[in-house]
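Residue-level structural notes
Here's the letter readout for the chains.
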Amino acid sequence: MGILSDRSRFARTVMAEESKLAADLTRKGKKIIRLNTGDPTRYFKTPRYIIDAYISALKKNMTGYSRSADTLRLKEAVSKRYKRMYSMDVDDDSVIVTNGVSEALFYINSSLINRGDSAVIFKPYYPQYLAYLMMHSGNAIFSIYNEKDDWSIDIDRLERKLKGLPRNKLPKYMLMTTPNNPTGTVLSRQILREIVGISNEYDIIPISDEIYDEILFKKTKFTSLGEVAKGIPHIILNGASKNFNATGFRIGFIIIPEHDRKSMQIKDGLSNYVITRLSVNTPAQYAVTEALNNVSQHKKELLMMLKEIESRIELTFEILSENRYIDVIKPHAAFYLFPKIHINELRFKNGTEFMTELLKKKGVWVREGYGFGMKDYFRVVSLATEEILTDALNRINEFCKENTKRGS
Ligand code: PLP
């Protein structure tokens, strides 16, 4: 009998393997260009007014477990944001503050999933969705975002899947990401309406991870699940990591806007979980309250960051589009592109080998698609400067040309 629990193996992701290889290469003196992590703080500064609010919290000795009055201020700021942006009525009790969306995902599974329960996860998925579900002994029912339909949800396929399940095997929740990591898709209002209809019909809780809801390009229209799910239990996830460029603050929100019996039970269940870990980072809560309330400053800072990100995405798309050994779809939001590799035309047996060879030979670190549930894809994070991106992307193109089966 091993010392580790069975569930520990689900905490080990593809990312850990990739990191080990990158660390080995770095130790051997290889210079690595990292296009692998979606952390905007590596290339953009967290806005000064947010940093100042954090410092001010420290100076006011806000260094203890957070007091409920301070958390309440943050909840009020979140409620106001949803009113302002999506005309949603969210009362303060409908907001639960977490240590990032990561912790929110963990507690959602802790609250909802018994051994053998299932949940719908769409491929390609954000890797933690599956890891947390599995750690809670849940089963994934996979559905897909359809690449041929600009990575939107394939509703027919989803319905067919649900219709085929016995009533007692229906999933507890259905978890989607809009805007999406890794594809950069934004789900349309119509698709979200259909998802809500299906959730209602099959008695499944729809959950929407909307952590990139302000990182939108070219006037892309975004609809929050909350705008179309009025009257049915649903959950929205968001946080400070991306929109406020504050990944290390570790602030996330769970929003459960409705007051029906099920929604109230879930809120209660989650509230019990969050009490067990005592507190969320106190000065960060204070700073994020300021970030949410100072709307005009936020808009200014966000616009600057967005302009840059959008031009970097354009550049990445342009350079990768020159590569005839991959197919790439232009994203509408977030920081990512998720190209498909024409693996049959290259000398690699799969996407894993493609990614590891790219890292070893060209020193470019992208994440392989397998971690997102897709074979023969890779994810590029398009946050680095234009100079770094141009160099790295040209290396990817060169790498493909140098490794064709025909040897051309
Ligand atoms: N959800 C998605 C879709 C993400 O891409 C990420 C981070 O990359 C997270 C959640 C994690 O968010 P947090 O930093 O709030 O834990």
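Above this text sits the structure in question.
Now for a look at the structure at hand. Just so it is clear, the model here is predicted, and its values are computed rather than measured.

A few words on the pairing of strand β4 (residues 139–146). The pairing of strand β3 (residues 118–123) with β4 spans 6 bridges and is classified as parallel. When the bridges of β4 are listed, Ala119 appears paired with Ala140. For the crossover that starts at β3, traverses helix α5 (residues 127–135) and ends in the parallel β4, the hand is right-handed. For β4 and strand β5 (residues 152–153), the ladder comprises 2 bridges, and the chain directions are antiparallel. Looking at the pairing, Asn146 lines up with Ser152 of β5.

As summarised here, the arrangement of the 8 strands in space is β2-β9-β8-β7-β6-β3-β4-β5, forming an open sheet in which the pairing is mixed. Where the open sheet ends on each side, the last strands, each with one partner, are β2 (95–98) and β5. Relative to the sheet, helix α4 (residues 100–112) contacts β2, β6 (173–177), β7 (205–209), β8 (235–239) and β9 (252–255), its axis offset from that of β8 by approximately 155 degrees. Seen against the sheet, helix α7 (residues 189–202) touches β3, β5, β6 and β7 and runs at an angle of roughly 170 degrees to β6.

Right, let's talk about the packing of helix α6 (residues 155–163) against α7 for a bit. Relative to each other, α6 and α7 sit at 5 degrees, their axes nearing to 11 Å. Here α7 runs roughly parallel to α6, going by the angle between their axes. Touching Ile155, Leu158, Glu159, Leu162 and Lys163 of α6 are Ile191, Glu194, Ile195, Ile198, Glu201 and Tyr202, all from α7. Considered class by class, the residues forming the contact of α6 with α7 number 7 nonpolar, no polar and 4 charged.

What follows concerns the site of the ligand. In the neighbourhood of the ligand, 13 residues make up the surrounding shell, with Val101, Ser102, Asp209, Tyr212 and Ser241 lying closest. Within the contact set of the ligand, an oxygen atom lies 2.7 Å away from a side-chain nitrogen or oxygen of Asn181. Ser241 places a side-chain nitrogen or oxygen 2.7 Å from an oxygen atom of the ligand. If the ligand stood free it would expose 390 Å²; the protein chains cover 93% of that surface. Of the residues in the shell around the ligand, the class split is 5 nonpolar, 5 polar and 3 charged.

Turning next to α4. Here α4 spans 19 Å end to end across 13 residues, near enough to the 18 Å set by a 1.5 Å rise per residue. The element α4 is extensively covered by neighbouring structure, given that 11 of its 13 residues are classed as buried. Restricting attention to buried positions, one finds in α4 the residues Gly100, Val101, Ser102, Glu103, Ala104, Leu105, Tyr107, Ile108, Asn109, Ser110 and Leu112.

The rules behind these values
All residue numbers refer to positions counted from 1 along the written sequence of the respective chain. Side-chain atom pairs in this predicted model are given and counted only at pLDDT of 80 or more, local residue features only at pLDDT of at least 70, and totals for whole chains, interfaces and linings cover all residues. Just so you know, side-chain values use all the structure's heavy atoms and leave hydrogens and water out. Following DSSP output, two strands are said to pair if at least two bridges run between them. Per the convention used, a helix needs a DSSP run of H or I reaching at least four residues, while a strand needs a run of E reaching at least two, with both numbered from the N terminus. With the strands aimed away from the viewer, a crossover counts as right-handed if its path from the first strand over the helix to the second runs clockwise. Only heavy atoms matter for contacts: two residues are in contact if any of them lie within 4.5 Å across the pair. Fitted lines through C-alpha atoms serve as axes, helices being fitted only where they are in contact, and the angles separating the N-to-C directions of these axes extend from 0 to 180 degrees. Relative orientations are named as follows: roughly parallel for angles under 35 degrees, roughly antiparallel for angles over 145 degrees, roughly perpendicular for angles from 65 to 115 degrees, and oblique for any other angle. Here the nonpolar group is Ala, Val, Leu, Ile, Met, Phe, Trp, Tyr, Cys and Pro; Asp, Glu, Lys and Arg are the charged ones; every other residue, Gly included, is treated as polar. Near is defined per residue: the residue qualifies when any heavy atom it owns lies within 4 Å of the molecule or strand. Between N or O atoms, a polar contact is any pair within 3.5 Å; within protein, one atom must be a potential hydrogen donor and the other a potential acceptor, and residues adjacent in sequence are included only when both atoms are from side chains. The method behind every accessible area is Shrake-Rupley, applied with a 1.4 Å probe, and residues are considered shielded solely by the protein chains displayed. Multiplying 1.5 Å by the residue count of a helix minus one yields the expected span of that helix. When a residue's accessible area, from a 1.4 Å probe over protein chains only, is under 20% of the maximum for its type it is buried; when over 50% it is exposed; and in between it is partly exposed.

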